[in-house]
Amino acid sequence: MTKARRSGPDLTETIKRATLELGQELGYAKLSIEAIAARAGVGKHTVYRRWPSKGALLLDSLLSLNESGLDYPDTGDVLVDLRNQIYAAVDLLAGAPLGPLFQSLVGEAQHDPGVAAALNGRFIAPQADKTVARLKAAREQGQLSPDFDLDMAMAMLSGPLYFRLLITQEPLTHEYVDRILDALFTGMGPRA
């Protein structure tokens, strides 16, 4: 089989697309660099020159799908903004067809320090920073108690989601998000 001569961004996108297609077809456990390279029509060394592992490749592939979709709106109502952003995150992390690949990637991060660092640096920490920044703006606008711990709020918002996603594997739904927000906003609101 003659491999087409491609390079740069087009080749990178072809490899990412092949990764996502095969990941959905086979699941993460059966995904291999060799199979990805074959699907993309490149040699496996071409893949390894760009990514050190299938976990790193999967992370890049998944993150390329929705780079700006998890940005916070600022409607002036922090509860509406949190709800919309967390709905988008839940849809991305737990929805079909890519939810199982995100779950596998988080599992891989437990065994591959490079994947863990990349996942934290490129997805988890930036999302946490965006959430804390939105909460800080809301606190400055008087929508939240002035002494509320913003980092703790972030942990309280994300903890139940990751617990369901990774531990209990119960469905992550918009209704569950609503229950989390309702419970938290009882304590996060400004005091009269």
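Here the structure is a predicted model, which means the values were calculated and not measured. (Residues numbered from 1 in each chain as written. Predicted model: local features only at pLDDT ≥ 70, side-chain atom pairs only at ≥ 80, totals over all residues. Heavy atoms only, no water.)

J.: What am I meant to see in the overall build of the protein here?
T.: When you go through the protein residue by residue, the secondary structure sums to nine helices and zero strands. Reading the protein from its N end, one meets helices and strands in the order α-α-α-α-α-α-α-α-α. Once the C-alpha set of the protein is aligned to its principal axes, its extents read approximately 70 × 35 × 25 Å. Classification of the 192 residues of the protein by burial places 44% in the buried group. Within the protein, contacts between residues at least 6 apart in sequence are counted, and of these 64% link residues at least 24 apart. A total of about 10,100 Å² of accessible surface is found on the protein, and carbon and sulfur atoms cover 55% of it. (Helix = DSSP H or I, 4+ residues; strand = E, 2+ residues; numbered from the N terminus. Buried < 20%, exposed > 50% of the residue type's maximum accessible area, 1.4 Å probe, protein only. Contact = heavy atoms within 4.5 Å. Areas by Shrake-Rupley, 256 points an atom, 1.4 Å probe, with all protein chains shown as cover.)

J.: What's the story with helix α6 (residues 99-109) in this structure? I'm lost.
T.: In an α-helix, one turn spans 3.6 residues; hence positions three or four apart end up facing the same way. When we look at burial in α6, the residues that qualify are G99, L101, F102, L105, V106 and A109. Within α6, the buried residues cover an arc of 165 degrees as seen down the axis, which keeps them to one side. Looking at the buried side of α6, the elements it contacts are α1 (8-26), α4 (54-63), α5 (78-94), α7 (113-140) and α8 (150-168). (Arc of directions from axis to C-beta.)

J.: I tried to follow a nonpolar patch on the surface on my own but got confused; where do I start?
T.: Taken together, F163, L166 and I167 make up a surface patch of nonpolar side chains, about 290 Å² in accessible area. Inspection of the secondary structure puts I167 in helix α8. (Patch = residues over 30% accessible without salt bridge, like charges linked within 9 Å, V, L, I, M, F, W, Y side chains within 5 Å. Salt bridge = Lys/Arg side-chain N within 4 Å of Asp/Glu carboxyl O.)

J.: Would you mind going over α8 with me for this structure?
T.: Compared with the 27 Å implied by 1.5 Å per residue over 19 residues, the 26 Å span of α8 between its first and last C-alpha is a close match. Along α8, the helix axis deviates most sharply at S158, where the bend reaches about 30 degrees; the proline P160 sits within four residues downstream. Between the side-chain oxygen at the start of α8 and the backbone nitrogen of D151 there is a gap of 3.1 Å, and the oxygen is on D149. Q169 sits one or two residues past α8 and shows a positive phi near 55 degrees. (Expected span 1.5 Å × (residues − 1). Bend = angle between axes of the 7 residues up to and from the residue. Polar contact = N/O pair within 3.5 Å; in protein donor to acceptor, adjacent residues only side chain to side chain.)

J.: Looking at this model, I keep getting lost on the packing of aromatic side chains. Mind explaining?
T.: The geometry of two aromatic rings is summed up by the distance between their centres and the angle between their planes. Within this structure, the stated rule accounts for one aromatic pair. Taking the centre distance of 6.4 Å and the plane angle of 35 degrees together, the rings of F102 and F123 count as tilted. Placement of F102 in helix α6 and of F123 in helix α7 is noted, with a sequence separation of 21 residues between them. The burial state of F102 is the same as that of F123; both residues are buried. The ring of Y28 carries K54 above its face, with NZ or CZ at 4.2 Å from the centroid. (Phe/Tyr/Trp six-rings, centres within 6.5 Å; stacked < 30°, edge-to-face > 60°. Lys NZ or Arg CZ within 6 Å of the ring centre and 35° of its normal.)

J.: Help me out: how do you make sense of the nonpolar core in this one?
T.: A general trend in soluble globular proteins is that nonpolar side chains are found buried together. Ranked by internal contacts, the top residues of the largest apolar core, which has 58 residues, are I15 and L82. For this core, the secondary-structure elements that each account for two or more residues are α1, α2 (33-40), α4, α5, α6, α7, α8 and α9 (174-188). Of all the elements, α5 adds the most residues to this core, at eight residues. Those residues in contact with L82 that lie beyond four places of it in its chain are Y72, T131, L135, L157, L181 and F185. (Core = buried A, V, L, I, M, F, W, Y, C linked by side-chain atoms within 4.5 Å.)

J.: I would appreciate a short explanation of the packing of α7 against α8 in the present structure.
T.: Packed helix pairs are characterised by how far apart their axes lie and by the angle those axes make with each other. Between α7 and α8, the shortest axis-to-axis distance is 9 Å and the interhelical angle comes to 130 degrees. One way to sum up the angle between α7 and α8 is to call them oblique. In the crossing of α7 with α8, the sense of the turn from one axis to the other is right-handed. The residues of α8 that touch α7, namely those facing F123, I124, A128, T131, V132, L135, K136 and R139, are L150, D151, A153, M154, L157 and Y162. (Axes fitted to C-alpha atoms, helices over the stretch in contact; angles between N-to-C directions. Parallel < 35°, antiparallel > 145°, perpendicular 65-115°, else oblique. Left-handed = near helix turned anticlockwise from the far one by under 90°.)

J.: Quick question: what am I supposed to make of the pattern of salt bridges here?
T.: Note on pairing: side chains with opposite charge can pair once their charged atoms come close. Applying the stated criterion across every chain yields a total of 10 salt bridges. Its salt-bridge partner being R122, residue D60 comes within 2.1 Å of it at the nearest N-O pair. Taken together, the residues D60 in helix α4 and R122 in helix α7 connect sequence positions 62 residues apart. Where R134 meets D81, a salt bridge forms, and the shortest distance between an N and an O atom there is 2.8 Å. One end of the pair, R134, is in helix α7; the other, D81, is in helix α5, and 53 residues separate them in sequence.

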